[in-house]
Amino acid sequence: MSVVAVNSVATPPRRRRRALPSTAVSAIVILGASLFIAFFPWLVAPFDHNVFDYTAIMQAPSLIHPFGTDNFGRDVLSRVLHAYRIDMQIALFATIGPFIFGTLIGALVGYSGRWVDAIFGRVVDAVITFPFLVLVIAIVSVLGPGLGNMYIAVGIVGWVFYARLVAAEIRVQRRLDYADAARAMGYGHLRIVFRHLLPNAVTSAVVYWMTDMALAILLGSSLGYLGLGAQPPAAEWGVLIADGKNFMTTAWWMTVFPGIAIVVTGLGFSLAGDGMAELLRPDR
(Lines give C-alpha, C1' and ligand atoms only; values in the text may rest on other atoms or scores of the structure.)
Protein backbone atom coordinates (compact mmCIF):
# COMPACT_ATOMS: atom_id res chain seq x y z
CA MET A 1 0.00 0.00 0.00
CA SER A 2 1.53 3.30 -1.10
CA VAL A 3 1.27 6.45 0.84
CA VAL A 4 0.88 9.64 -1.13
CA ALA A 5 2.39 12.68 0.54
CA VAL A 6 0.48 15.82 -0.06
CA ASN A 7 2.50 19.01 0.06
CA SER A 8 0.45 21.75 1.56
CA VAL A 9 1.40 25.35 1.12
CA ALA A 10 0.93 27.36 4.22
CA THR A 11 -1.17 30.39 3.52
CA PRO A 12 -0.80 33.51 5.64
CA PRO A 13 -3.80 34.38 7.76
CA ARG A 14 -6.18 36.75 6.12
CA ARG A 15 -6.19 40.26 7.40
CA ARG A 16 -9.31 41.01 9.30
CA ARG A 17 -11.41 43.61 7.57
CA ARG A 18 -12.44 46.55 9.63
CA ALA A 19 -16.18 46.93 9.62
CA LEU A 20 -17.48 50.45 9.37
CA PRO A 21 -18.76 51.68 12.74
CA SER A 22 -22.49 52.32 12.94
CA THR A 23 -21.77 56.00 13.54
CA ALA A 24 -19.80 56.18 10.28
CA VAL A 25 -22.61 54.47 8.36
CA SER A 26 -25.16 56.92 9.75
CA ALA A 27 -22.86 59.83 8.88
CA ILE A 28 -22.44 58.57 5.31
CA VAL A 29 -26.21 58.41 4.87
CA ILE A 30 -26.89 61.86 6.35
CA LEU A 31 -23.97 63.66 4.70
CA GLY A 32 -24.43 61.84 1.41
CA ALA A 33 -28.04 63.02 1.23
CA SER A 34 -26.99 66.52 2.33
CA LEU A 35 -24.32 66.77 -0.37
CA PHE A 36 -26.72 65.55 -3.04
CA ILE A 37 -29.27 68.18 -2.04
CA ALA A 38 -26.54 70.86 -1.90
CA PHE A 39 -25.36 70.08 -5.44
CA PHE A 40 -28.80 69.45 -7.01
CA PRO A 41 -31.44 71.29 -4.95
CA TRP A 42 -33.65 71.87 -7.99
CA LEU A 43 -34.13 68.10 -8.37
CA VAL A 44 -35.76 67.72 -4.96
CA ALA A 45 -37.31 71.15 -4.33
CA PRO A 46 -40.97 71.21 -5.44
CA PHE A 47 -41.07 74.98 -6.11
CA ASP A 48 -38.78 77.88 -6.97
CA HIS A 49 -37.46 79.02 -3.59
CA ASN A 50 -37.51 82.75 -4.43
CA VAL A 51 -40.90 83.06 -6.18
CA PHE A 52 -43.51 85.05 -4.25
CA ASP A 53 -47.08 83.70 -4.17
CA TYR A 54 -49.39 86.19 -2.52
CA THR A 55 -52.29 83.75 -2.76
CA ALA A 56 -50.51 81.30 -0.44
CA ILE A 57 -49.14 83.51 2.33
CA MET A 58 -48.32 81.73 5.62
CA GLN A 59 -50.18 78.54 4.80
CA ALA A 60 -49.79 75.70 7.26
CA PRO A 61 -48.04 72.47 6.19
CA SER A 62 -50.13 70.55 3.68
CA LEU A 63 -49.75 68.05 0.86
CA ILE A 64 -48.96 70.84 -1.59
CA HIS A 65 -46.58 72.64 0.79
CA PRO A 66 -45.27 69.99 3.25
CA PHE A 67 -43.32 72.60 5.27
CA GLY A 68 -45.87 75.37 4.75
CA THR A 69 -45.22 78.81 3.25
CA ASP A 70 -43.67 82.01 4.62
CA ASN A 71 -44.93 85.58 4.85
CA PHE A 72 -44.28 86.09 1.12
CA GLY A 73 -45.93 82.84 0.02
CA ARG A 74 -42.61 81.13 -0.69
CA ASP A 75 -42.47 77.38 -0.17
CA VAL A 76 -40.53 76.72 3.04
CA LEU A 77 -39.48 73.21 1.98
CA SER A 78 -37.90 74.56 -1.20
CA ARG A 79 -36.07 77.26 0.74
CA VAL A 80 -34.80 74.78 3.33
CA LEU A 81 -33.51 72.48 0.57
CA HIS A 82 -31.82 75.30 -1.34
CA ALA A 83 -30.23 76.47 1.91
CA TYR A 84 -28.20 73.26 1.96
CA ARG A 85 -25.94 74.75 -0.72
CA ILE A 86 -24.94 77.78 1.34
CA ASP A 87 -24.70 75.97 4.67
CA MET A 88 -22.58 73.14 3.31
CA GLN A 89 -20.30 75.78 1.78
CA ILE A 90 -20.05 77.38 5.21
CA ALA A 91 -19.13 74.02 6.75
CA LEU A 92 -16.25 73.62 4.28
CA PHE A 93 -14.95 77.15 3.66
CA ALA A 94 -15.11 78.23 7.31
CA THR A 95 -12.97 75.27 8.44
CA ILE A 96 -10.60 74.29 5.62
CA GLY A 97 -8.39 77.37 6.03
CA PRO A 98 -7.98 77.08 9.82
CA PHE A 99 -7.42 73.32 9.46
CA ILE A 100 -4.58 73.65 6.93
CA PHE A 101 -2.91 76.71 8.45
CA GLY A 102 -3.31 75.55 12.03
CA THR A 103 -1.95 72.09 11.21
CA LEU A 104 1.18 73.53 9.56
CA ILE A 105 1.82 76.01 12.38
CA GLY A 106 1.18 73.37 15.03
CA ALA A 107 3.62 70.96 13.39
CA LEU A 108 6.38 73.57 13.36
CA VAL A 109 5.66 74.75 16.90
CA GLY A 110 5.56 71.23 18.31
CA TYR A 111 8.95 70.41 16.78
CA SER A 112 10.65 73.71 17.58
CA GLY A 113 12.39 74.75 20.77
CA ARG A 114 10.97 76.04 24.00
CA TRP A 115 11.03 79.74 23.13
CA VAL A 116 8.81 79.17 20.08
CA ASP A 117 6.50 77.08 22.22
CA ALA A 118 6.40 79.82 24.83
CA ILE A 119 5.44 82.49 22.29
CA PHE A 120 2.77 80.23 20.83
CA GLY A 121 1.43 79.56 24.32
CA ARG A 122 0.91 83.28 24.89
CA VAL A 123 -0.95 83.58 21.56
CA VAL A 124 -3.20 80.68 22.53
CA ASP A 125 -3.89 82.23 25.94
CA ALA A 126 -4.80 85.54 24.31
CA VAL A 127 -7.27 83.89 21.93
CA ILE A 128 -8.98 81.44 24.29
CA THR A 129 -9.44 84.13 26.92
CA PHE A 130 -12.42 85.43 24.93
CA PRO A 131 -15.36 83.28 23.79
CA PHE A 132 -14.96 82.17 20.19
CA LEU A 133 -18.34 83.49 19.05
CA VAL A 134 -17.73 86.90 20.64
CA LEU A 135 -14.42 87.28 18.80
CA VAL A 136 -15.95 86.28 15.48
CA ILE A 137 -18.88 88.66 15.91
CA ALA A 138 -16.50 91.49 16.80
CA ILE A 139 -14.33 90.90 13.73
CA VAL A 140 -17.31 90.59 11.39
CA SER A 141 -18.80 93.76 12.84
CA VAL A 142 -15.60 95.61 11.92
CA LEU A 143 -15.22 94.05 8.46
CA GLY A 144 -18.91 94.17 7.59
CA PRO A 145 -21.61 91.50 7.18
CA GLY A 146 -21.31 88.76 4.57
CA LEU A 147 -20.04 85.23 4.16
CA GLY A 148 -16.61 86.30 2.91
CA ASN A 149 -15.90 88.38 5.99
CA MET A 150 -17.26 85.59 8.17
CA TYR A 151 -14.70 83.18 6.67
CA ILE A 152 -11.93 85.71 7.34
CA ALA A 153 -13.05 86.14 10.96
CA VAL A 154 -13.23 82.40 11.59
CA GLY A 155 -9.83 81.93 9.96
CA ILE A 156 -8.22 84.59 12.17
CA VAL A 157 -9.42 82.85 15.32
CA GLY A 158 -10.05 79.20 14.45
CA TRP A 159 -6.53 78.12 13.41
CA VAL A 160 -5.31 78.34 17.01
CA PHE A 161 -7.32 75.31 18.11
CA TYR A 162 -5.94 73.11 15.32
CA ALA A 163 -2.40 74.33 15.96
CA ARG A 164 -2.62 73.58 19.67
CA LEU A 165 -3.94 70.08 18.99
CA VAL A 166 -1.30 69.22 16.37
CA ALA A 167 1.54 70.73 18.41
CA ALA A 168 0.67 68.47 21.34
CA GLU A 169 0.68 65.41 19.06
CA ILE A 170 4.01 66.40 17.48
CA ARG A 171 5.62 66.73 20.92
CA VAL A 172 4.64 63.12 21.61
CA GLN A 173 5.79 61.82 18.22
CA ARG A 174 9.19 63.55 18.29
CA ARG A 175 10.19 61.54 21.39
CA LEU A 176 9.56 58.17 19.76
CA ASP A 177 12.29 55.90 18.38
CA TYR A 178 11.51 56.44 14.71
CA ALA A 179 12.02 60.20 15.12
CA ASP A 180 15.40 59.60 16.77
CA ALA A 181 16.33 57.26 13.92
CA ALA A 182 15.40 59.91 11.33
CA ARG A 183 17.61 62.46 13.08
CA ALA A 184 20.45 59.94 13.34
CA MET A 185 20.25 59.37 9.57
CA GLY A 186 20.82 63.06 9.00
CA TYR A 187 17.39 63.99 7.66
CA GLY A 188 16.54 67.68 7.58
CA HIS A 189 14.15 69.13 10.12
CA LEU A 190 11.43 69.92 7.57
CA ARG A 191 11.59 66.38 6.19
CA ILE A 192 11.31 64.91 9.66
CA VAL A 193 8.35 67.13 10.53
CA PHE A 194 6.27 66.90 7.36
CA ARG A 195 7.19 63.46 6.06
CA HIS A 196 7.51 61.45 9.26
CA LEU A 197 5.94 63.18 12.26
CA LEU A 198 2.94 65.01 10.79
CA PRO A 199 1.34 61.98 9.06
CA ASN A 200 1.27 60.23 12.45
CA ALA A 201 0.00 63.29 14.31
CA VAL A 202 -2.67 64.67 11.97
CA THR A 203 -5.35 62.07 12.76
CA SER A 204 -6.71 63.92 15.79
CA ALA A 205 -6.86 67.16 13.80
CA VAL A 206 -8.85 65.46 11.03
CA VAL A 207 -11.32 64.06 13.56
CA TYR A 208 -11.67 67.52 15.12
CA TRP A 209 -12.19 68.99 11.66
CA MET A 210 -15.24 66.78 11.14
CA THR A 211 -16.89 67.96 14.33
CA ASP A 212 -15.77 71.54 13.67
CA MET A 213 -17.87 71.51 10.49
CA ALA A 214 -20.95 70.97 12.64
CA LEU A 215 -19.95 73.95 14.78
CA ALA A 216 -19.35 76.00 11.61
CA ILE A 217 -22.93 75.37 10.48
CA LEU A 218 -24.20 76.50 13.88
CA LEU A 219 -21.93 79.55 13.69
CA GLY A 220 -23.05 80.44 10.16
CA SER A 221 -26.69 80.09 11.15
CA SER A 222 -26.14 82.23 14.25
CA LEU A 223 -24.47 85.00 12.26
CA GLY A 224 -27.16 84.74 9.59
CA TYR A 225 -29.79 85.13 12.30
CA LEU A 226 -27.99 88.22 13.62
CA GLY A 227 -27.69 89.69 10.12
CA LEU A 228 -23.89 89.29 9.98
CA GLY A 229 -23.68 86.19 7.78
CA ALA A 230 -25.63 85.40 4.63
CA GLN A 231 -27.88 88.26 3.62
CA PRO A 232 -31.54 88.12 2.54
CA PRO A 233 -33.03 87.04 0.22
CA ALA A 234 -30.44 84.21 0.25
CA ALA A 235 -31.82 80.90 1.43
CA GLU A 236 -29.74 80.09 4.52
CA TRP A 237 -31.04 78.37 7.63
CA GLY A 238 -30.13 81.20 10.00
CA VAL A 239 -31.75 83.73 7.68
CA LEU A 240 -34.89 81.58 7.44
CA ILE A 241 -35.13 81.38 11.23
CA ALA A 242 -34.65 85.15 11.46
CA ASP A 243 -37.42 85.66 8.89
CA GLY A 244 -39.82 83.57 10.96
CA LYS A 245 -38.96 84.78 14.46
CA ASN A 246 -41.78 87.33 14.42
CA PHE A 247 -44.34 84.69 13.42
CA MET A 248 -43.62 81.98 16.00
CA THR A 249 -47.17 82.00 17.35
CA THR A 250 -48.91 82.11 13.96
CA ALA A 251 -46.47 80.32 11.60
CA TRP A 252 -44.21 78.08 13.73
CA TRP A 253 -43.13 76.09 10.67
CA MET A 254 -41.06 79.00 9.34
CA THR A 255 -38.52 78.50 12.14
CA VAL A 256 -38.99 74.88 13.22
CA PHE A 257 -38.10 73.17 9.92
CA PRO A 258 -34.89 75.17 9.28
CA GLY A 259 -33.90 74.38 12.87
CA ILE A 260 -34.47 70.67 12.26
CA ALA A 261 -32.25 70.87 9.16
CA ILE A 262 -29.47 72.46 11.25
CA VAL A 263 -29.72 69.73 13.89
CA VAL A 264 -29.77 66.84 11.41
CA THR A 265 -26.85 68.12 9.32
CA GLY A 266 -24.81 68.99 12.41
CA LEU A 267 -25.53 65.52 13.74
CA GLY A 268 -24.18 64.06 10.49
CA PHE A 269 -20.84 65.84 10.89
CA SER A 270 -20.64 64.89 14.58
CA LEU A 271 -21.27 61.24 13.74
CA ALA A 272 -18.61 61.47 11.03
CA GLY A 273 -16.09 62.64 13.60
CA ASP A 274 -17.04 59.89 16.04
CA GLY A 275 -16.97 57.26 13.32
CA MET A 276 -13.57 58.36 12.06
CA ALA A 277 -12.14 58.36 15.59
CA GLU A 278 -13.46 54.85 16.15
CA LEU A 279 -12.22 53.64 12.77
CA LEU A 280 -8.71 55.01 13.30
CA ARG A 281 -8.42 53.76 16.85
CA PRO A 282 -5.28 51.55 16.96
CA ASP A 283 -6.77 48.80 19.14
CA ARG A 284 -9.59 48.00 16.69
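As a reminder, the structure under discussion sits directly above these lines.
As the structure is a computational prediction, the values presented were derived from the model and not from experiment.

Conventions and cut-offs
- Note that residues are indexed from 1 along each chain, following the sequence as it is written.
- Only residues with pLDDT of at least 70 are given local features in this predicted model, and only at 80 or more are side-chain atom pairs given and counted; all residues enter the totals for whole chains, interfaces and linings.
- Note that the side-chain values use all heavy atoms of the structure and ignore hydrogens as well as water.
- Strands here are runs of E lasting at least two residues and helices are runs of H or I lasting at least four, both read from the DSSP assignment and numbered beginning at the N terminus.
- In this text, buried Ala, Val, Leu, Ile, Met, Phe, Trp, Tyr and Cys residues form a nonpolar core when linked through side-chain atoms within 4.5 Å.
- A simple rule labels every residue: compare its accessible area, found with a 1.4 Å probe on the protein chains alone, to the largest value its type can have, and call it buried under 20%, exposed over 50%, or partly exposed in between.
- Pairs of N or O atoms are called polar contacts if they sit within 3.5 Å, as long as, within protein, a hydrogen donor faces a hydrogen acceptor (for residues adjacent in sequence, only side-chain-to-side-chain pairs).
- Contact definition: two residues touch when any of their heavy atoms are within 4.5 Å.

**Q** Hey, could you run me through unusual backbone geometry in this one?
**A** Most peptide bonds are trans, and most residues other than glycine sit at a negative phi. Cis peptide bonds are those with omega within 30 degrees of zero, and the linkage from P232 to P233 qualifies with 10°. With respect to the helices and strands, P233 occurs in the loop between α9 (203–226) and α10 (237–244). You will see that M58, though not glycine, has its phi angle at about 50°, which is positive. Here M58 shows up in the loop between α2 (41–44) and α3 (76–111).

**Q** In this structure, what is going on with the nonpolar core? I would like to understand it.
**A** Inside soluble globular proteins, nonpolar side chains tend to come together where they are buried. With 45 residues, the main nonpolar core has Y84, I170, W237 and F269 as its most contacted residues. Of all elements in the fold, only α1 (22–39), α3, α6 (147–173), α7 (177–184), α8 (189–201), α9, α10 and α11 (253–279) reach the threshold of two or more residues within this core. The leading source of residues in this core is α3, at 11 residues. Counting residues in hydrophobic clusters, the runner-up holds 24 residues, among them V124, V140, V160 and A167.

**Q** Looking at this structure, how should I read the side chain of T255?
**A** As for its placement among the helices and strands, T255 is situated in helix α11. In terms of polar contacts, T255 uses its side chain to reach the backbone carbonyl oxygen of W252, at 3.2 Å. Discounting chain neighbours no more than four positions away, the residues touching T255 are I241, G244, K245 and M248.

Function cannot be read off these values alone, since they describe shape.
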